[in-house]
Amino acid sequence: MRVLLAEDDELLGSGLKAGLQQQGFQIDWVRDGVAAERELLTGAYQASVLDLGLPRQDGMACLAAVRRQKITTPVLVLTARDGVPDRIAGLDAGADDYLVKPVDLMELAARLRALVRRAHGVAEPTLDVGALRLDPASRQVWLGDRLVELSLREYEVLHIFMLHAGRVLTRAQIEQHLYQWGTEVSSNTVEVHIYNLRKKLRADVIETLRGVGYMLPQQIRPDARSPAPGAA
């Protein structure tokens, strides 16, 4: 899950980046409001953590500019401004959540996961596509009642597909969601992860549309060896 962090305090920013990466997020970190607006306008992020007291452009102005451009990326405001009027102003300006510093990293990670779920119309804590289930909190995956062991990258690729079930994703779109700045990506990296997912799940879980991209069907049938969750 790729997240934009906009924070000008070097010590806090480095701590947030390291902590969120340990929670499985891919973090791009900017230190001013102009850079934050530029990055959010790309639409490359699944969520953003935005400080309000940023140099060059205040976080509130950045948020307003992004929302005027119809960018719907979930934004969590993280700020020292703890007054009720500040919170109201931030939420009314288009923020999806508001936290006051200092923040607990586990809570921040949980709120980001919740924002991403809601942005994709998912109310439940797990993602369910037919018999396939993914738990973002524990980073575990089941096909029916079979627990499937995945590497971190395989899990991230599957997470992206499940958030966009029924939609075709190009290799470029998958890479955009997966990799933060400065990451060197081999030309066949995505194909390798998809190959491994098919081996560990089932060959028909991810479909190839030649010349276009890949798709996770909106209904995944139960494993022949395992009943679907909740089945008798």
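Residues numbered from 1 in each chain as written. Predicted model: local features only at pLDDT ≥ 70, side-chain atom pairs only at ≥ 80, totals over all residues. Heavy atoms only, no water.

Enquirer: So what's going on with the overall build of the protein? Which residues, and what values?
Expert: Check the secondary structure of the protein and you find eight helices and eleven strands. Taking 17 Å as the expected radius of gyration for a compact globule of 232 residues, we find that the protein reaches 19 Å, a close match to that expectation. With the principal axes as the frame, the protein shows a C-alpha extent of 55 × 40 × 30 Å. Sorting the 232 residues of the protein into buried and exposed places 47% on the buried side. Long-range contacts, defined as pairs at least 24 residues apart, comprise 60% of the intrachain contacts of the protein with a sequence gap of at least 6. For the protein, the accessible surface area stands at approximately 11100 Å², while carbon and sulfur atoms represent 50% of it. (Helix = DSSP H or I, 4+ residues; strand = E, 2+ residues; numbered from the N terminus. Rg over C-alpha atoms; globule rule 2.2 N^0.38 Å. Buried < 20%, exposed > 50% of the residue type's maximum accessible area, 1.4 Å probe, protein only. Contact = heavy atoms within 4.5 Å. Areas by Shrake-Rupley, 256 points an atom, 1.4 Å probe, with all protein chains shown as cover.)

Enquirer: Tell me what's going on with unusual backbone geometry, and back it up with residues and numbers.
Expert: At the junction of Lys 101 and Pro 102, the peptide bond is cis and its omega measures out at -5° in the coordinates. Of note, Pro 102 is situated in the loop between β5 (97–100) and α5 (105–119). Of note, Lys 70 is a non-glycine position whose phi angle comes to about 65°, a positive value. Within the fold, Lys 70 resides in the loop between α3 (59–68) and β4 (75–79).

Enquirer: Let's hear about the sheet that holds β4: which residues, and what values?
Expert: Reading across the sheet, the five strands line up as β2-β1-β3-β4-β5 and stay open at both edges, with parallel pairing between neighbours. Either end of the sheet is taken by a strand with one partner, and the two such strands are β2 (26–30) and β5. On average, each strand axis in the sheet is tilted by 20° relative to the strand beside it, whichever way the strands run. The pairing of strand β3 (residues 47–50) with β4 spans three bridges and is classified as parallel. Looking at the pairing, Val 49 lines up with Leu 76 of β4. Strands β1 (2–6), β2 and β4 of the sheet are contacted by helix α1 (residues 10–22), whose axis makes an angle of about 165° with β2. (Pairing = 2+ DSSP bridges. Axes fitted to C-alpha atoms, helices over the stretch in contact; angles between N-to-C directions.)

Enquirer: How would you sum up the pattern of salt bridges? Please name residues and give values.
Expert: In total, this model carries 17 salt bridges according to the counting rule given. Note that Glu 107 is salt-bridged to Arg 111, the shortest N-O span being 2.9 Å. With Glu 107 and Arg 111 both in helix α5, this residue pair falls four residues apart, about one helical turn. Measuring nitrogen to oxygen at the nearest pair gives 3.9 Å for the salt bridge that ties Arg 171 to Glu 175. Of this pair, Arg 171 and Glu 175 both sit in helix α7 (residues 171–178), four residues apart, which is roughly one turn of that helix. (Salt bridge = Lys/Arg side-chain N within 4 Å of Asp/Glu carboxyl O.)

Enquirer: Before we move on, can you summarise the confidence of the model for the protein with the specific residues and values?
Expert: Averaged over every residue, the pLDDT of the protein is 89; residues scoring 70 or more account for 92%. Mean pLDDT per element in the protein: α7 is the minimum at 84, and β3 is the maximum at 97. pLDDT under 50 marks residues 226–232. Its contacts with residues more than four places away, or in other chains, come to twelve contacts. (pLDDT = per-residue confidence, 0-100.)

Enquirer: How would you explain the packing of α1 against α5 if you had to name every residue and give the values?
Expert: Between α1 and α5, the least distance of the axes is 10 Å, while the angle of their chain directions is 65°. Where α1 crosses over α5, the two elements pack in a sense that is right-handed. Taken together, the residues of α5 that come into contact with α1 (itself represented by Gly 15, Leu 16, Gly 19 and Leu 20) are Leu 105, Leu 108, Ala 109 and Leu 112. Residue classes in the contact of α1 with α5 are distributed as six nonpolar, two polar and no charged. (Left-handed = near helix turned anticlockwise from the far one by under 90°. Nonpolar A, V, L, I, M, F, W, Y, C, P; charged D, E, K, R; others polar.)

Enquirer: Account for the sheet that holds strand β6 (residues 127–129), with residues named and values stated.
Expert: Overall, antiparallel pairing links the four strands, which are arranged β6-β7-β8-β9 in an open sheet. Edge strands, defined here as strands with exactly one partner in the open sheet, are β6 and β9 (146–148). Neighbour-to-neighbour, the strand axes of this sheet turn through a mean angle of 20°, independent of strand direction. Across three bridges, strand β8 (residues 140–143) lies against β9 in antiparallel orientation. When the bridges of β9 are listed, Leu 143 appears paired with Arg 146.

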